[in-house]
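Residue-level listing of the chains:
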Amino acid sequence: MKNQQTAPESLYGELYRTHLASVCARADKALERADCDNLVVYSGAPPMQFLDDQAYPFKVNPHFKQWVPVLDNPGCLLVYQPGRRPRLLFNHPTDFWHKPAALPQAPWAEAFDIVPIPNLAAARAHLPDTLARTALIGELPLKFGQVNPQSLLDSLHYHRAFKTGYEVECLRHANHFGALGHRAAQASFLAGGSEFDAHLAYLQACNQREEELPYNSIVAIDTNAAVLHYQHLERSRSTQRRSFLIDAGANFNGYASDITRTCSAHEDDFAMLVSGMDQLQQDLCATLRPGADWADVQMDTHLRVGHLLREADLIRIDGEAAVAEGLTALFFPHGVGHLLGLQVHDAGGFLRDESGATIDKPPGQPFLRLTRRLESGFVVTVEPGLYFIDPLLEPVRQMALGRQINWNRVKALRPCGGIRIEDNVLITETGSENLTRQAFAALG
Ligand code: GLY
Ligand code: MN
Ligand code: MN
């Protein structure tokens with residue numbers, strides 16, 4: 001595995017053909033639900049910035065990239081008419097201001113009729129004669145029978161949780177590139193680099209530009225690690241640093257990894273806590289199997305975080321009581337994970353079935369992003385955390401609950417911000433496979 005341009009040929013053989021057959025079969029079902037005959041998926045095009053001639057970075061429609069790994073060419077359309085070869089209307093203008101995308105040559109392209117089009121207006125001639133029974137996913141100035149029909153999207157989103165073999169391979173590659181980036185970013189931090197330096201090291205090592213990443217990386221030194229979605233990149237190279245948290249993923253053929261690692265600059269109490277959290281996270285991953293209820297996994301995480309807080313002498317009551325009193329929620333205030341795939345927070349986490357019926361979050365679990373029971377073929381993130389967040393902790397200092405917190409220990413560890421460890425896990429027939437740990441292990 002070198003970079004995206006050198007994906008192994010094997011990816012596009014049987015694996016891709018089976019994937020495409022599955023995407024077609026899912027489209028058939030979804031079209032039936034929406035009472036439509038044909039499907040058109042628009043890649044999208046980047047919006048312009050306000051009062052400017054500059055566009056925002058292009059983010060391709062996730063439905064489009066599930067059909068074809070074309071991520072960087074706006075203005076393309078996928079046309080699917082059941083029983084016929086799918087058609088890719090490929091934006092291929094004559095342009096001397098920009099370099100037109102090369103027509104796809106990779107073996108996956110053999111499964112499509114590829115039609116170069118000079119502009120969107122030229123697409124009409126290659127769409128079904130009448131669009132009255134054609135559904136569109138995306139936005140186009142043409143009169144389609146249905147545009148983004150909910151019944152069609154619900155069906156596709158429900159089935160999207162079950163990854164095809166090709167998708168699992170793409171997610172493995174995305175983890176490989178993410179692991180390369182993480183290793184380099186951590187080395188940069190340990191060598192004295194700033195958040196910005198670590199970010200650049202990450203990009204360089206995973207060979208992706210910032211806008212290609214599946215989400216904005218969180219690169220946090222010291223107390224910045226207590227900000228869950230910390231969004232800045234400080235340039236300062238303070239010598240007095242304590243801790244480093246990086247939540248960053250990579251992209252492969254449009255599939256995302258979503259990985260977090262935390263480390264301490266010293267062999268100290270915080271390093272012990274990180275190591276406790278790392279073990280907790282691996283123990284949690286080991287419990288995952290088909291049938292597991294994600295709401296139970298969330299509760300189990302709280303209990304484990306409660307035990308760790310007690311072990312680390314951060315609280316004065318045991319793990320069970322800490323969960324019952326709401327103490328763990330002050331240190332671990334987010335969901336334990338979510339579906340992962342074409343989008344970092346992949347669609348369909350609450351769908352009961354393909355009809356669009358949903359499964360409610362249980363009371364008291366507002367941060368759940370997945371209420372479905374796990375099934376073989378799902379890929380989820382597992383991302384327990386433990387943070388020292390002033391806006392959550394300070395309000396309870398004078399309350400009865402506050403007496404259960406060892407404030408001296410909090411004071412000692414607060415400068416380190418917090419810890420999150422996040423892996424991407426494939427649910428298998430018998431248990432699970434940790435794609436992220438495998439990717440790091442393979443780097444040696
Ligand atoms: N990186 C966003 C998340 O972990 O969900
Ligand atoms: Mn993450
Ligand atoms: Mn995540």
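Worth saying up front: this structure is predicted, and the values here are computed from it rather than measured.

(A) Up close: the sheet that holds strand β11 (residues 259–264). Spatially, three strands are ordered β7-β8-β11 in an open sheet, and the strand pairing comes out antiparallel. Whereas interior strands pair on both sides, the edge strands pair on one side only; in this sheet they are β7 (218–221) and β11. Neighbour to neighbour, the strand axes of the sheet diverge by 5° on average, direction disregarded. In the sheet, strand β8 (residues 243–248) pairs with β11 via six bridges, with the strands oriented antiparallel. If you follow Ser243 over to β11, its bridge partner there is Ser264. Of the strands in this sheet, β7, β8 and β11 touch helix α4 (residues 165–190), which is tilted by about 20° from β11.

(B) Examining the coordination of the manganese ion (ligand 2) more closely. At this site the manganese ion (ligand 2) is bound by Asp247 (OD), Asp247 (OD), Asp258 (OD) and Glu422 (OE), with donor distances of 2.0 to 2.4 Å. Between the donor residues of the manganese ion (ligand 2), the gaps in sequence give the motif D-x10-D-x163-E. A separation of 3.4 Å is found between the manganese ion (ligand 2) and the manganese ion (ligand 3), which are bridged by Asp258. Residue Asp247 is found in strand β8, and its partner Glu422 is found in the loop between β14 (418–420) and β15 (423–427); the two are separated by 175 residues along the sequence. This pair shows no difference in class: Asp247 is buried, exactly as Glu422 is.

(C) Highlighting the state of the cysteines. Inspection of every chain in the model, using the stated rule, returns zero disulfides. Cys76 takes part in no disulfide bond, and the closest cysteine sulfur, belonging to Cys24, lies 18 Å away. Of all cysteine sulfurs in the structure, the one in Cys170 sits closest to Cys206, which takes part in no disulfide; the separation is 16 Å.

(D) Summary view of unusual backbone geometry. Although it is not a glycine, Asn148 adopts a positive phi angle of roughly 50°. Position of Asn148 among the secondary structure elements: in the loop between β6 (146–147) and α3 (150–160). Judged by its relative accessible area of 29%, Asn148 is partly exposed. Residue Asp222 is not a glycine yet carries a positive backbone phi of 55°. You can see Asp222 is positioned in the loop between β7 and β8. Looking at Asp222, the relative accessible area reads 14%, which means it is buried.

(E) Region of the structure containing the nonpolar core. Counting residues in hydrophobic clusters, the biggest one holds 64 residues, and the most contacted among them are Leu39, Trp67 and Leu152. Setting aside its immediate chain neighbours within four residues, Trp67 contacts Tyr16, Leu20, Val23, Cys24, Ala27, Leu39, Val41, Leu78, Tyr80, Pro86 and Phe112. If you look at the next biggest cluster of nonpolar residues, it comprises 50 residues, including Phe162, Leu284, Leu308 and Leu330.

(F) Molecular detail of the coordination of the manganese ion (ligand 3). The coordination sphere of the manganese ion (ligand 3), as far as protein atoms go, consists of Asp258 (OD), His338 (NE2), Glu383 (OE) and Glu422 (OE), spread over 2.1 to 2.2 Å. Looking at His338, the relative accessible area reads 2%, which means it is buried. Here Glu383 falls in the buried class, since its relative accessible area comes to 5%.

(G) Region of the structure containing the sheet that holds strand β5 (residues 134–137). Strand order in this open sheet of six strands is β4-β3-β2-β1-β5-β6, and the pairing throughout is mixed. Where the open sheet ends on each side, the last strands, each with one partner, are β4 (113–117) and β6. With two bridges joining them, β5 and β6 adopt parallel strand pairing. Residue pairing across strands places Leu136 opposite Val147, the latter belonging to β6. The strands touched by helix α1 (residues 14–34) within the sheet are β1 (38–42), β2 (77–80), β5 and β6, with β2 carrying the most contacts at an inclination of about 75°.

What counts, and at which threshold
- Residues numbered from 1 in each chain as written.
- Chains lettered and ligands numbered in written order.
- Predicted model: local features only at pLDDT ≥ 70, side-chain atom pairs only at ≥ 80, totals over all residues.
- Heavy atoms only, no water.
- Pairing = 2+ DSSP bridges.
- Helix = DSSP H or I, 4+ residues; strand = E, 2+ residues; numbered from the N terminus.
- Axes fitted to C-alpha atoms, helices over the stretch in contact; angles between N-to-C directions.
- Contact = heavy atoms within 4.5 Å.
- Donors = N, O, S within 2.8 Å, 3.2 Å for Na, K, Ca; no water.
- Buried < 20%, exposed > 50% of the residue type's maximum accessible area, 1.4 Å probe, protein only.
- Disulfide = S-S within 2.5 Å.
- Core = buried A, V, L, I, M, F, W, Y, C linked by side-chain atoms within 4.5 Å.

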